[in-house]
Structures are given as structure tokens and as C-alpha cells.
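# Structural description and commentary
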Amino acid sequence: MTLPGERGLAVVEAPSVLGLRPSGVQELPDAVLGGVTRVARVEPPVYDPVRDAGTGVLNPGGIARYSVRLADTVGEVLGSGRFPVVLGGDCSILLGNLLALRRRGRYGLLFLDGHTDFYQPSAEPTGEVASMELALATGRGPRQLADLEGRGPLVRDEDVVAFGFRDADESAAAGSRPLPPRLYALDLDDVRAAGAGEAARGAVARLAEGDGFWVHLDVDVLDDAVMPAVDYRQPGGLSWAELEDVLRTALAHERAVGFDVTIFNPRLDPDGTIAARLTDCLRRALRTRGLPDRSPAGEVPSR
């Protein structure tokens, strides 16, 4: 497949809910960054609501296949010298994005999420991979997903910064494993103590020591008071200004190689005001990568 568009940003739609459920997050690409040209759309397999008996998760085969297809598309964007912006979908799309990087070498991950997403299937009540993608990406969990293409782990513990999470008590009570000691963790209290901008600069400095890093954004890292349009709500979180500061710091860095946005549910934003605010935040952050104020809409091929 040859991707259309000019060098610079390349927006890829990845409307998969295989790691969650068809609750509305699959509509994220239609709701944010309107007017920015899409270069590709990677359609997911049919959703299966039955938990797989062998792995204990939903849609393991579908997620594995989808991750490979998404990695192919993201890899082509990277190969063309452009910066992929992948609009999910649920957090399981992170596996495809990281697989694209793992094929190229050793890369890091800035993980912006209100949750640590480090569950194992035995502790995840419904088997949703969107609650365990960080564990899978670091090589923990069912081999079908933790060792994609025999390349697991997709990212090493020491190459990850988990930033802004606030679910430590909840996940521990549910039986989730704690984050491993070599993985650098900055919970919301840590971020606030340092200041969001300073914490982001420290995180990026760690990640910039490698070949490059991916930025993953689950919008539930935002304060529930300003981002209620998510499926799993919890009090607290970053302000819009804090998130923009973090994103601008991360995305402006020369070692940042790609970015994804997940979990925003337009069905929980009936008047579109939250989508508009999210789009404004993303646009301002992405201008550090050369995004113009407005871009013409373009053809969106599917895979």
C-alpha cells in the first residue's frame, strides 16, 4: 500500500474496540482532529464478546492479527519519514504501534494514562486487553499477545515511563501486579509534586537516551471533571493545561517518533464540547510537529 499525503504528520485511523467493547470509543477518529488529512484506516476484525478460554482475554486472535496489520501501516508511515498520529480505539492498539517500532529496533514509551493497565488475565474481571496492554507490551501475559511475531517484549521495562496514573489502590485491590521496579513510574502525585512540565521534561530526558520513543495517550489521564467521556471513570487527573504542557514537551522532542490517542467516547459527549476541547489541545501540541491550523480532508483508504 502506498500512503497518500505529504511528508510530516500522517494520521492513521485505528477504530478497534477488540480490547474493550463496542461502547463508542471506535468513533474517536470521527470526533477529533477534524479537517486533518487521514492517510489510512485500519479496520478491525469482527468483535467476539466471548472470553477466550485458553488465554482468559477477549479477542486474542483478533487483536494479534490487528496488531500486525496496524504495525504494517505505521511502519510504512515511519519508513516514509513521517510522524504517525494514530487515532483509536481502545488502548490495545498500542501493541500494533509498538510492534512497528520493535521491527525497527529498540524504542521507548511515554505512557500517559490514568491507569497502569498492568493487569494479568486472572485479575481482569472481563478479560479486556485495554486493561493489560502495558503488561503485554513488556512481555507479560498470554504469549499470543505478549510475544507478537516472536519479538516480545515490544518494549523493555527500563525504556518505559508510566506518567500520571492514579489507580494504584484500585488495581492492587483487584489483584493486579504492581509495576516492575525497572519501569519508571510517576503517578499523579509525583507529577504534581514536580510540576507537569518539569516531570515531562525529566521523563523525556530518560527516553531520549535510546533510539526514540512513542507517546501513548489514554484521555482518562485527564481530570474526570473535564474528561467524563470515558468508560472507566475515576476522580482526579491532569488539567487541560497540564496535559498540553506534557504533550508539547514530548512531541516537540526530536526523538519522539509517533503518537496515539485512545479511549475518548463520543457517545458520552452528546453536544461535542469535550471533543472540541480535546481537538484544540491536540492541535496545539501537534503544532510542534508542524501541524497547520487547518488541513484539507483527504481520501482514507482501508486495510
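Keep in mind that this is a model prediction, so the values were computed, not measured.

So, about empty space enclosed by the protein. Evaluated as defined, the whole model comprises 1 cavity of 30 Å³ or more. In this model, the largest cavity occupies a volume close to 30 Å³. Around the largest cavity, the lining residues are R166, D220, L222, D224, M227, V230, Y232, R233 and Q234.

Bringing the packing of helix α8 (residues 196-207) against helix α9 (residues 240-252) into the picture now. For the pair α8 and α9, the least separation of the axes is 9 Å and the interaxial angle reads 25 degrees. Considered as vectors, α8 and α9 are oriented roughly parallel to each other. In this structure, α8 crosses over α9, and the sense of that crossing is right-handed. In this structure, α8 uses A196, G197, A200, R201 and V204 to contact α9, whose residues at the interface are E242, D245, V246, T249 and A250. Each residue belonging to the contact of α8 with α9 can be placed in one class, and the counts come to 5 nonpolar, 2 polar and 3 charged.

Moving on, we come to the pattern of salt bridges. Close approach of charged atoms lets side chains of opposite charge pair. Inspection of every chain in the model, using the stated rule, returns 18 salt bridges. Ionic contacts of the salt-bridge type, sharing partners, join the residues E13, R38, R41 and E43 into one network.

This part covers the confidence of the model for the chain. Put simply, the chain has an average pLDDT of 93, and 94% of its residues get 70 or more. Note that pLDDT drops below 50 for residues 1-6; the model gives that stretch 17 contacts with residues more than four away or on any other chain. Within the model, the stretch residues 293-300 combines pLDDT values under 50 with 20 contacts to residues more than four positions away or in other chains.

Moving on to the pairing of strand β7 (residues 213-218). For β7, the buried fraction is high: 6 of the 6 residues fall into the buried class. Going residue by residue along β7, you find F213, V215 and L217 tucked away on one face and W214, H216 and D218 tucked away on the opposite face as well. Summarising the sheet, β7 and strand β8 (residues 256-262) pair through 6 bridges and their orientation is parallel. Looking at β8, one finds that F213 is bridged to A256.

Another aspect to go through is the pairing of strand β1 (residues 9-13). For β1, a buried count of 5 out of 5 residues is recorded, marking the element as mostly surrounded by other parts of the structure. On β1, burial covers both faces: L9, V11 and E13 on one face and A10 and V12 on the other are all buried. Here 5 bridges tie β1 to strand β3 (residues 83-87), and the two strands are oriented parallel to one another. Bridging from a neighbouring strand, E13 pairs with L87 of β3.

Turning next to the sheet that holds strand β2 (residues 38-41). Read across the sheet, 8 strands follow the order β2-β1-β3-β8-β7-β4-β5-β6 without closing on themselves; strand pairing throughout is parallel. This sheet does not close on itself; its edge strands, each paired only once, are β2 and β6 (184-187). This sheet shows a mean twist of 15 degrees between the axes of neighbouring strands, independent of strand direction. With 3 bridges joining them, β1 and β2 adopt parallel strand pairing. When the sheet's bridge partners are listed, E13 is paired in β2 with R41. In the packing of α9 onto the sheet, the strands contacted are β3, β4 (108-112), β5 (160-165), β7 and β8, and the crossing angle to β7 comes to about 160 degrees.

Further remarks concern unusual backbone geometry. Cis geometry is found at the peptide bond from G88 to G89, where omega equals 0 degrees. The topology assignment puts G89 in the loop between β3 and α3 (93-102). At the junction of G152 and P153, the peptide bond is cis and its omega measures out at -5 degrees in the coordinates. Relative to the helices and strands, P153 is located in the loop between α5 (143-146) and β5. Unlike most non-glycine residues, N59 shows phi in positive territory, near 55 degrees.

Ranked by size, the top nonpolar core spans 56 residues in total, and within it F163, L217, L247, F259 and F264 carry the most contacts. By residue number, the principal contributor to this core is helix α10 (residues 273-286), which donates 7 residues. Among the nonpolar cores identified, the runner-up in size contains 48 residues, and A40, V57, I93 and A146 belong to it.

Criteria and thresholds
- Residues numbered from 1 in each chain as written.
- Predicted model: local features only at pLDDT ≥ 70, side-chain atom pairs only at ≥ 80, totals over all residues.
- Heavy atoms only, no water.
- 1 Å grid on protein atoms, 1.4 Å probe; cavity = no way out; pocket = protein on both sides within 12 Å on 5 of 7 lines; lining within 4 Å.
- Points joined across faces, edges and corners; volume = space filled by probe spheres on them.
- Axes fitted to C-alpha atoms, helices over the stretch in contact; angles between N-to-C directions.
- Helix = DSSP H or I, 4+ residues; strand = E, 2+ residues; numbered from the N terminus.
- Parallel < 35°, antiparallel > 145°, perpendicular 65-115°, else oblique.
- Left-handed = near helix turned anticlockwise from the far one by under 90°.
- Contact = heavy atoms within 4.5 Å.
- Nonpolar A, V, L, I, M, F, W, Y, C, P; charged D, E, K, R; others polar.
- Salt bridge = Lys/Arg side-chain N within 4 Å of Asp/Glu carboxyl O.
- pLDDT = per-residue confidence, 0-100.
- Buried < 20%, exposed > 50% of the residue type's maximum accessible area, 1.4 Å probe, protein only.
- Pairing = 2+ DSSP bridges.
- Core = buried A, V, L, I, M, F, W, Y, C linked by side-chain atoms within 4.5 Å.

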